[in-house]
Amino acid sequence: PKLSTEAPTGIQNFVEMCIEFVNDNVQSIFTSAKNNLIGPMALTVLVWVFLMNLMDLIPVDYLPELAKGVGLEYFKVVPTTDPNITLGMALAVFILIIFYSIKIKGLKGFLAELTLHPFGKYLLPVNLVLEGVNLIAKPISLGLRLFGNLYAGEMIFILIALMLTFSSISVGLLGVGLHLIWALFHILILALQAFIFMVLTIVYLAMAHETEDH
């Protein structure tokens, strides 16, 4: 559909709402510097992670069974329940953190940040360990948080699906009811996890742009 400022369509309104939502978050968090990459990247992260999470609402055995029909014995439906995917995205964010830290602060400033804080130059090894752990923990926690929440949600779906295999009609009906309830609740979790991943990405990159001393 064509874009219009006078009579926007529902899709256009929804897209504009998403862009404004992301833009408001970027402006409220990323205040230390100006970087035209942050807004588009934040929107991409939000949409990409949400769509990958949304795959969790597809019945757990539907796509794997279709995949078996074309010769794929193992097919994982939800990308974010694989730590390789979530840690891979977190690694990309980590590379950007290092890149902008060095670009904004200079290599000397970045190394000083790692070695001279929080206890000064006389405890340089201690500073390096503390700041190094803090730096490395960012991508690990970012990736594992998303993986853990989505993996747990998928396990609950599988456990509920197992209830449908019982011969008891009452247990089967209970399983159907629980599946619908958990699916509705899980939609909130999917959106929330995408939002958290986006916000933490903005926060970490904003910290990489800060030039003030601790």
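Thresholds applied
- All residue numbers refer to positions counted from 1 along the written sequence of the respective chain.
- The predicted nature of this model means local features are confined to residues of pLDDT at least 70 and side-chain atom pairs, given and counted, to a pLDDT of 80 or more, with totals for whole chains, interfaces and linings taken over all residues.
- Only hydrogens and water are set aside when side-chain values are computed; all heavy atoms of the structure are taken into account.
- For helices, the fitted axis covers only the stretch in contact; all axes are lines through C-alpha atoms, and the angles between them, taken along N-to-C directions, range from 0 to 180 degrees.
- What counts as a helix is a DSSP run of H or I of at least four residues, what counts as a strand is a run of E of at least two, and both are numbered from the N terminus.
- Each crossing gets its hand from how the near helix is turned against the far one by less than a right angle, where anticlockwise is left-handed and clockwise is right-handed.
- We call two residues in contact when some of their heavy atoms are within 4.5 Å.
- Put simply, Ala, Val, Leu, Ile, Met, Phe, Trp, Tyr, Cys and Pro go in the nonpolar bin, Asp, Glu, Lys and Arg in the charged bin, and everything else, Gly too, in the polar bin.
- What pLDDT reports is the predictor's confidence in each residue, on a scale of 0 through 100.
- A side-chain nitrogen of Lys or Arg and a carboxyl oxygen of Asp or Glu constitute a salt bridge if their distance falls within 4 Å.
- Working definition: with a 1.4 Å probe on protein chains only, accessible area under 20% of the residue-type maximum means buried, over 50% means exposed, and in between means partly exposed.
- Pairing of N or O atoms within 3.5 Å defines a polar contact, subject to two protein rules: one partner must be a possible hydrogen donor and the other a possible acceptor, and residues neighboring in sequence count only if both atoms are side-chain atoms.
- Here a Phe, Tyr or Trp ring, Trp counted by its six-membered ring, pairs with any other such ring whose centre lies within 6.5 Å, and the pair is stacked when the planes are under 30 degrees apart, edge-to-face when over 60, and tilted otherwise.

Engineer: Which residues make up the packing of helix H1 (residues 10-29) against helix H6 (residues 169-209), and what are the values?
Structural biologist: Their axes nearest at 10 Å, the elements H1 and H6 cross at an angle of 35 degrees. With respect to the hand of their crossing, H1 and H6 are arranged in right-handed fashion. Contacts between H1 and H6 involve Phe 21, Val 22, Asn 25, Val 26 and Ile 29 from the former and Phe 195, Met 198, Val 199, Ile 202, Val 203 and Ala 206 from the latter. Its residues assigned to classes, the contact of H1 with H6 shows ten nonpolar, one polar and no charged.

Engineer: Give a detailed account of the confidence of the model for the protein, specifying residues and quantitative values.
Structural biologist: Here the protein averages 85 in pLDDT, and 94% of its residues register 70 or above. Least confident of the elements in the protein is helix H3 (residues 62-69), whose mean pLDDT is 80; most confident is helix H4 (residues 83-115), at 93.

Engineer: Got a sec to walk through the pattern of salt bridges? Specific residues and values, please.
Structural biologist: Enumeration according to the criterion identifies one salt bridge in this entry. For Glu 113, the salt bridge is made with Lys 105, and the minimal N-O distance between the two is 2.7 Å. A single burial state applies to Glu 113 and to Lys 105, both of which are buried.

Engineer: Describe in detail the environment of Thr 165, supporting the description with residues and values.
Structural biologist: Residue placement: Thr 165 occurs in the loop between helix H5 (124-163) and H6. Considering only alpha carbons, one finds Thr 165 and Ala 112, 53 residues apart in sequence, at a separation of 60 Å.

Engineer: Requested: an account of the side chain of Gln 193, with residues and values cited.
Structural biologist: Along the chain, Gln 193 turns up in helix H6. Residue Gln 193 is classed as buried on the basis of its relative accessible area of 7%. Among the polar contacts listed, one links the side chain of Gln 193 to the side chain of Asn 149, at a separation of 3.4 Å. When near neighbours in sequence (up to four residues on either side) are disregarded, Gln 193 contacts Asn 53, Arg 145, Leu 146, Asn 149 and Leu 150.

Engineer: Just give me the short version of the packing of aromatic side chains, but keep the residues and values in it.
Structural biologist: By the definition in use, this model includes four aromatic pairs. Centre to centre, the rings of Phe 21 and Phe 195 are 5.6 Å apart; their planes meet at 40 degrees, and the pair counts as tilted. A residue pair is termed long-range when its members are at least 10 positions apart, and Phe 21 in helix H1 and Phe 195 in helix H6 qualify at 174 residues. Residue Phe 21 is classed as partly exposed on the basis of its relative accessible area, which comes to 38%. Judged by its relative accessible area of 26%, Phe 195 is partly exposed. A centroid spacing of 5.0 Å and a plane angle of 75 degrees characterise the contact between Phe 99 and Tyr 100, whose relative ring orientation is edge-to-face. For Phe 99, a relative accessible area of 45% translates into the label partly exposed. Judged by relative accessible area, which is 7%, Tyr 100 ranks as buried.

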